[in-house]
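Structural overview for review
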Amino acid sequence: PTLPFSFVLTGNNQLDPEEQYSAELGYRFWPLKELSVDMTVFYNDYDNIVAPQPGAVNLVTLQVPLIFSNAEQGETWGFEIATDWRPLDSTRLQLSYSYLRGNFTPKSVTTGPVSLALGDNRNSQHQLSIRLSQDITNAVNTDLWLRYASEIDEVLTTLPNAMRSVDNYWQLDARIAWTPLKQLELSLAGRNLLNNSQLEFYEEFGTFPTQVQRSVYGQIRYQFEF
């Protein structure tokens, strides 16, 4: 993005360990015999976060070194609500929602624009999960898992047009299993069924992103008893 200059990632053997201090408070209650509710709030404080700092430009090779250093500090906070409902012995419905925010800043004014551009929200702020398990018979059971993740703000990457973002998405997994014997289970499962492929995140300074592909697979599992 800075032609005719190029970035060169550079290691550093003087790094300090990253530090994290966390606080979490949770509460669980049963409004009904068949229904439990979990509520959690959390806060995390980070220091010595490893991030690349731009070094002096080499005018001979036209390269800008990006030196990994303890360049950032930050915090994240949020909450999660999860429910587990079993209206019947054969039916289980699990629902959860989580909210996550973050704020990251350079540790000094010399950190440079690279770390400043990494963005505060590097993960989805809103995530929703709905999971239904159903025993059709004593030997046959099914699972459906629907997930939602909100968009991820712009993240600085090493790709061309370096600032990238990830769209919000829905995904569905499904599984059916048959247990003809106590030790034997045959199952068929499909993952990411709503899209042919789905980009879930960008790694800030690493390899090119890989999209999660739709997949269907079968499994035979036999448990040995000793």
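What counts, and where the lines are drawn
- Residues numbered from 1 in each chain as written.
- Predicted model: local features only at pLDDT ≥ 70, side-chain atom pairs only at ≥ 80, totals over all residues.
- Heavy atoms only, no water.
- Helix = DSSP H or I, 4+ residues; strand = E, 2+ residues; numbered from the N terminus.
- Contact = heavy atoms within 4.5 Å.
- Areas by Shrake-Rupley, 256 points an atom, 1.4 Å probe, with all protein chains shown as cover.
- Salt bridge = Lys/Arg side-chain N within 4 Å of Asp/Glu carboxyl O.
- Buried < 20%, exposed > 50% of the residue type's maximum accessible area, 1.4 Å probe, protein only.
- Patch = residues over 30% accessible without salt bridge, like charges linked within 9 Å, V, L, I, M, F, W, Y side chains within 5 Å.
- Pairing = 2+ DSSP bridges.
- Phe/Tyr/Trp six-rings, centres within 6.5 Å; stacked < 30°, edge-to-face > 60°.
- Lys NZ or Arg CZ within 6 Å of the ring centre and 35° of its normal.
- pLDDT = per-residue confidence, 0-100.

1. Here we look at the overall build of the protein
- Counting secondary structure elements, the protein contains one helix and 14 strands.
- Sequence separation of at least 24 residues holds for 58% of the intrachain contacts in the protein that already meet a minimum separation of 6.
- A total accessible area of about 14,700 Å² is found for the protein, and carbon and sulfur atoms account for 56% of it.

2. So, the pattern of salt bridges
- Inspection of every chain in the model, using the stated rule, returns eight salt bridges.
- Across the salt bridge formed by arginine 92 and aspartate 84, the nearest N and O atoms sit 2.7 Å from each other.
- Overall, the relative accessible area of 29% leaves arginine 92 in the partly exposed class.
- Residue aspartate 84 is classed as buried on the basis of its relative accessible area of 15%.
- Put simply, arginine 147 and aspartate 173 hold a salt bridge, and the shortest N to O gap is 2.9 Å.

3. Quick look at a nonpolar patch on the surface
- A surface patch of nonpolar side chains, amounting to about 380 Å² of accessible area, comprises Ile136, Ile176, Leu188 and Val216.
- Residue isoleucine 136 is classed as exposed on the basis of its relative accessible area of 53%.

4. What to know about the pairing of strand β5 (residues 91-106)
- Two elements, strand β4 (residues 63-88) and β5, share 15 bridges in a ladder whose sense is antiparallel. Paired with alanine 82 across the bridge in β5 is serine 96.
- Hairpin remark: β4 followed by β5, antiparallel, with two residues in the connecting loop.

5. Quick word on the packing of aromatic side chains
- Using the criterion set out here, one finds six aromatic pairs in the structure.
- Summarising the aromatic geometry, the rings of phenylalanine 79 and tyrosine 97 are spaced 5.9 Å apart at their centres and angled 55° between planes, so their arrangement reads as tilted. Note that phenylalanine 79 is positioned in strand β4 and tyrosine 97 in strand β5, a separation of 18 residues in sequence.
- Classification of phenylalanine 79 as partly exposed rests on a relative accessible area of 30%.
- A relative accessible area of 28% means that tyrosine 97 is categorised as partly exposed.
- Members of the aromatic cluster, joined through ring pairs, are Phe79, Tyr97 and Tyr99.
- In this arrangement the basic side chain of arginine 131 is found over the ring face of tryptophan 145, its NZ or CZ atom lying 5.0 Å from the centre.
- The cationic tip of arginine 147 hangs over the ring face of tryptophan 145; the distance from NZ or CZ to the ring centre is 5.0 Å.

6. Observations regarding the confidence of the model for the protein
- Averaged over every residue, the pLDDT of the protein is 86; residues scoring 70 or more account for 86%.
- Per-element confidence in the protein is highest for strand β2 (residues 19-32), whose mean pLDDT is 97, and lowest for helix α1 (residues 113-116), whose mean pLDDT is 42.
- Under a pLDDT of 50 for its full length, residues 111-117 has, in the predicted model, 17 contacts with residues more than four places off or in other chains.

7. Notes on the side chain of glutamine 171
- For glutamine 171, the position within the fold is in strand β10 (residues 169-181).
- On the accessibility criterion, glutamine 171 (0% relative accessible area) is buried.
- Sequence-distant contacts of glutamine 171, that is, excluding residues within four places in its chain, are made with Trp145, Leu146, Arg147, Asn192, Leu193, Leu194, Asn195 and Gln198.

8. A few points about unusual backbone geometry
- A positive phi angle, near 60°, is found at leucine 62, a position not held by glycine.
- Looking at the element boundaries, leucine 62 is found in the loop between β3 (35-54) and β4.
- Of note, the phi angle at asparagine 192 is positive, near 55°, even though the residue is not glycine.
- Note that asparagine 192 resides in the loop between β11 (184-191) and β12 (197-198).
- Overall, asparagine 192 belongs to the buried group, its relative accessible area being 3%.

9. Overview of the environment of glutamine 127
- With respect to the helices, strands and loops of the structure, glutamine 127 is situated in strand β6 (residues 126-135).
- A relative accessible area of 39% means that glutamine 127 is categorised as partly exposed.
- Note: C-alpha distance between glutamine 127 and asparagine 168 (41 residues apart in sequence) is 9.8 Å.
- Excluding residues within four positions of it along the chain, glutamine 127 makes contact with Ser96, Tyr97, Ser98, Tyr148 and Ala149.

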